[in-house]
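Secondary and tertiary structure notes
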Amino acid sequence: MGNLQGRDLLSLADLQPSEIQELLTLAKQLKAGEVQFDFQRKTLGLLFRKASTRTRVSFTVAMHQLGGHVIDLDPNVTQVSRGEPIEDTARVLDRYLDVLAIRTFEQAELETFAKFSKIPIINALSDLEHPCQVLADLLTVMENFGSLKGLTLTYLGDGNNMAHSLMIGCALVGMNVRIASPKNFMPDPTIVAQAKALAENSEVIVTEDPKLASRAAHVLYTDVWASMGQESEAEDRIPIFQPYQLNAELMALADQQAIALHCLPAHRGEEITDEVMEGSQSRIWDEAENRLHAQKALLASVL
Ligand code: CP
Ligand code: NVA
């Protein structure tokens, strides 16, 4: 895995298709207990400006299981929330840490960290992308179907960070991807164009029609209708997004073997029904578990 050593993961597009495949293979081996690493004396920093359960805990446990150490760089406890320039913080943390995972709003902040530090910077979610989540999602799809190429993933809902990373991730592994979003909540056109350019023999479709998008799909995926930072819009969004709810009706349009995924946390009864979350086609808990294995593979590869 030498080719990823020292590299940043700010966007899923930072990875070549072969590198994603290698990460997924390593994640599978780690999950099966077939390989072990010893990163004694390596330290991962977590700098999170937004709440997190899965990402925070899975990165911490992953680093612990790799033999390394984790420091929580809570912005309110460090000087980060008091306005110390990112350029300065980045150069200082670079001297202590071996790898830094950041959850923030602006993608530009991640880019500044990457520019001013030599250690690998990992995007642990920004407003633009959530690449670590999609590594776990692809691992989950691969576990279910044996391979990825030619499968179709449909994402229902807000054209947000999840929609963006799923588009790029699917394009890179040769999966068809369909995004069904309300008119004013479509994904960023720059990311759509980027995904289309990356897709070689697969489709990238953006539509307002959730039923058309769900037809014969192998994976139905959804995420919250209002992301972190958009809480004030949540109420107003509910009626607009209602037709995009991942429910039994849309599941019935998908392939008979289709699985349901959600990055979590979920608002049950809004973007997904209880019935689908708890139903036999849900792989949501495996998906959450796979955050651990996928990020362990990522850490082992960049360190
Ligand atoms: N899916 C995900 O990133 O969850 P957290 O916000 O809990 O980390
Ligand atoms: N789109 C969601 C994903 C949470 C994991 C958010 O950014 O809040």
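What counts and what doesn't
- Residues numbered from 1 in each chain as written.
- Chains lettered and ligands numbered in written order.
- Predicted model: local features only at pLDDT ≥ 70, side-chain atom pairs only at ≥ 80, totals over all residues.
- Heavy atoms only, no water.
- Helix = DSSP H or I, 4+ residues; strand = E, 2+ residues; numbered from the N terminus.
- Contact = heavy atoms within 4.5 Å.
- Core = buried A, V, L, I, M, F, W, Y, C linked by side-chain atoms within 4.5 Å.
- Buried < 20%, exposed > 50% of the residue type's maximum accessible area, 1.4 Å probe, protein only.
- Axes fitted to C-alpha atoms, helices over the stretch in contact; angles between N-to-C directions.
- Parallel < 35°, antiparallel > 145°, perpendicular 65-115°, else oblique.
- Left-handed = near helix turned anticlockwise from the far one by under 90°.
- Phe/Tyr/Trp six-rings, centres within 6.5 Å; stacked < 30°, edge-to-face > 60°.
- Lys NZ or Arg CZ within 6 Å of the ring centre and 35° of its normal.
- Near = heavy atom within 4 Å.
- Polar contact = N/O pair within 3.5 Å; in protein donor to acceptor, adjacent residues only side chain to side chain.
- Areas by Shrake-Rupley, 256 points an atom, 1.4 Å probe, with all protein chains shown as cover.
- Nonpolar A, V, L, I, M, F, W, Y, C, P; charged D, E, K, R; others polar.

1. Focus on the side chain of serine 227
The topology assignment puts serine 227 in the loop between strand E8 (219–222) and helix H9 (234–241). Contacts of serine 227, omitting those with residues within four sequence positions, involve Asn160 and Asn161.

2. Some details on the nonpolar core
Ile20, Phe59, Leu135, Leu153, Met175 and Leu299 are the most contacted members of the largest nonpolar core, which totals 64 residues. With 9 residues, the single largest contributor to this core is helix H6 (residues 161–173). For leucine 299, the residues in contact, after removing those within four places along its chain, are Leu44, Phe59, Ala62, Met63, Leu66, Val99 and Ile122. Leu220, Ala254, Ile272 and Val276 belong to the second-largest nonpolar core, a separate cluster that totals 17 residues.

3. Remarks on the packing of helix H3 (residues 86–96) against helix H4 (residues 107–116)
In contact at an axis separation of 8 Å, H3 and H4 are set at 50° when each is read in the N-to-C sense. Our classification of the angle between H3 and H4 gives oblique. Like other packed secondary-structure pairs, H3 and H4 cross with a definite hand, here right-handed. Contact residues: Ile86, Glu87, Thr89, Ala90, Arg91 and Leu93 in H3; Glu109, Thr112, Phe113 and Phe116 in H4.

4. Section: the packing of aromatic side chains
Summed over all chains, the structure comprises 5 aromatic pairs. Note on tryptophan 225 and phenylalanine 241: the rings are 5.7 Å apart at their centroids and 25° apart in plane angle, and the pair reads as stacked. Taken together, the residues tryptophan 225 in the loop between E8 and H9 and phenylalanine 241 in helix H9 connect sequence positions 16 residues apart. Look at phenylalanine 241 and you get buried, because its relative accessible area is 0%. Aromatic rings pair up to connect Phe185, Trp225, Phe241 and Tyr244 into one cluster. For lysine 50, the ring lying beneath its charged end belongs to phenylalanine 105, and the centroid distance is 4.5 Å.

5. Thoughts on the site of ligand 1
Near ligand 1 the following residues occur: Ser52, Thr53, Arg54, Thr55, Arg103, His130, Gln133, Cys263, Leu264 and Arg291. Interatomic distance of 2.8 Å between a side-chain N/O atom of arginine 54 and an oxygen atom of ligand 1. Arginine 291 places a polar side-chain atom, nitrogen or oxygen, 3.2 Å from an oxygen atom of ligand 1. Isolated, ligand 1 exposes 250 Å² of accessible area, and the fraction of that covered by the protein chains is 96%. Grouping the amino acids of the shell around ligand 1 by side-chain chemistry returns 2 nonpolar, 5 polar and 3 charged.

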